[in-house]
Amino acid sequence: MATENTMGRILTTLTITNRVDQGIAKRGLMTEDQVRSITLDNVLVDTGATTLCLPSDAIAQLGLDLLKEVDVATANGFSKARIFQDASIDLMGRIGTFECLELPGGRDALLGVIPLEALGIELDLKNQILRVLPETSMDTYLTIM
């Protein structure tokens, strides 16, 4: 999906799907149109965040399962947060399944560095855009060392 630069920020469009629903549909136990999925516009790409962060209403709409509760560091200090599992994201044609942290108070979604790295998408800070890294040839972003 396209990215844009708004006042020094990188915003993108992100599609998130319940991965468990996808598996159930693949086995024929639900129809494809029953698979819960949402598309969010203006998702902030935040290098200060480690993972995908979603507002609680988006998590509820997707029906994601709770994985655990953790302590998180925020600009206001430490607090508790819930982590949900099996969020499949589609960004710029790359797809991966990740945990997501629940944001309190209906805040806008954030996309952190772990999903970006796993999907082979990097920030072009000079041009304030996202760039898809190659996954074929000698220039692949995938490494095994």
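Residues numbered from 1 in each chain as written. Predicted model: local features only at pLDDT ≥ 70, side-chain atom pairs only at ≥ 80, totals over all residues. Heavy atoms only, no water.

K.L.:
So, the pairing of strand β10 (residues 129-132): which residues are in play, and what are the values?
P.N.:
Pairing of strand β9 (residues 121-124) with β10 involves four bridges; the strand directions are antiparallel. Of the residues in β10, the one forming a bridge with leucine 123 is leucine 130. The antiparallel pairing of β9 with β10 creates a hairpin that spans four residues between the two strands, and glutamine 128 there sits at a positive phi of about 55 degrees. (Pairing = 2+ DSSP bridges. Helix = DSSP H or I, 4+ residues; strand = E, 2+ residues; numbered from the N terminus.)

K.L.:
Go over unusual backbone geometry, please, and point to the residues and values.
P.N.:
Phi is positive for aspartate 86, which is not a glycine, with a value near 65 degrees. Its location among the elements puts aspartate 86 in strand β6 (residues 77-91). Its identity as a non-glycine residue notwithstanding, glutamine 128 has a phi of 55 degrees, on the positive side. With respect to the element layout, glutamine 128 can be found in the loop between β9 and β10.

K.L.:
Just give me the short version of the pattern of salt bridges, but keep the residues and values in it.
P.N.:
Per the counting criterion, the structure on display carries five salt bridges. Aspartate 21 is the salt-bridge partner of arginine 36, the closest N and O atoms lying 2.7 Å from each other. On the criterion of sequence distance, the pair formed by arginine 36 in the loop between α1 (19-26) and β3 (37-45) and aspartate 21 in helix α1 is long-range, its members being 15 residues apart. A residue is classified by how much of its surface remains accessible, and arginine 36, at 36% relative accessible area, is partly exposed. Across the salt bridge formed by arginine 131 and aspartate 124, the nearest N and O atoms sit 2.4 Å from each other. What makes aspartate 124 buried here is its relative accessible area of 8%. The structure contains a network of salt bridges with shared partners spanning Glu122, Asp124 and Arg131. (Salt bridge = Lys/Arg side-chain N within 4 Å of Asp/Glu carboxyl O. Buried < 20%, exposed > 50% of the residue type's maximum accessible area, 1.4 Å probe, protein only.)

K.L.:
For the side chain of asparagine 18, give the residues involved together with the corresponding values.
P.N.:
Here asparagine 18 shows up in strand β2 (residues 9-18). In this structure the side chain of asparagine 18 is engaged in a polar contact, spanning 2.8 Å, whose partner is the backbone oxygen of leucine 62. Sequence-distant contacts of asparagine 18, defined by excluding residues within four places in its chain, comprise Val35, Arg36, Leu62, Gly63, Leu64 and Asp86. (Polar contact = N/O pair within 3.5 Å; in protein donor to acceptor, adjacent residues only side chain to side chain. Contact = heavy atoms within 4.5 Å.)

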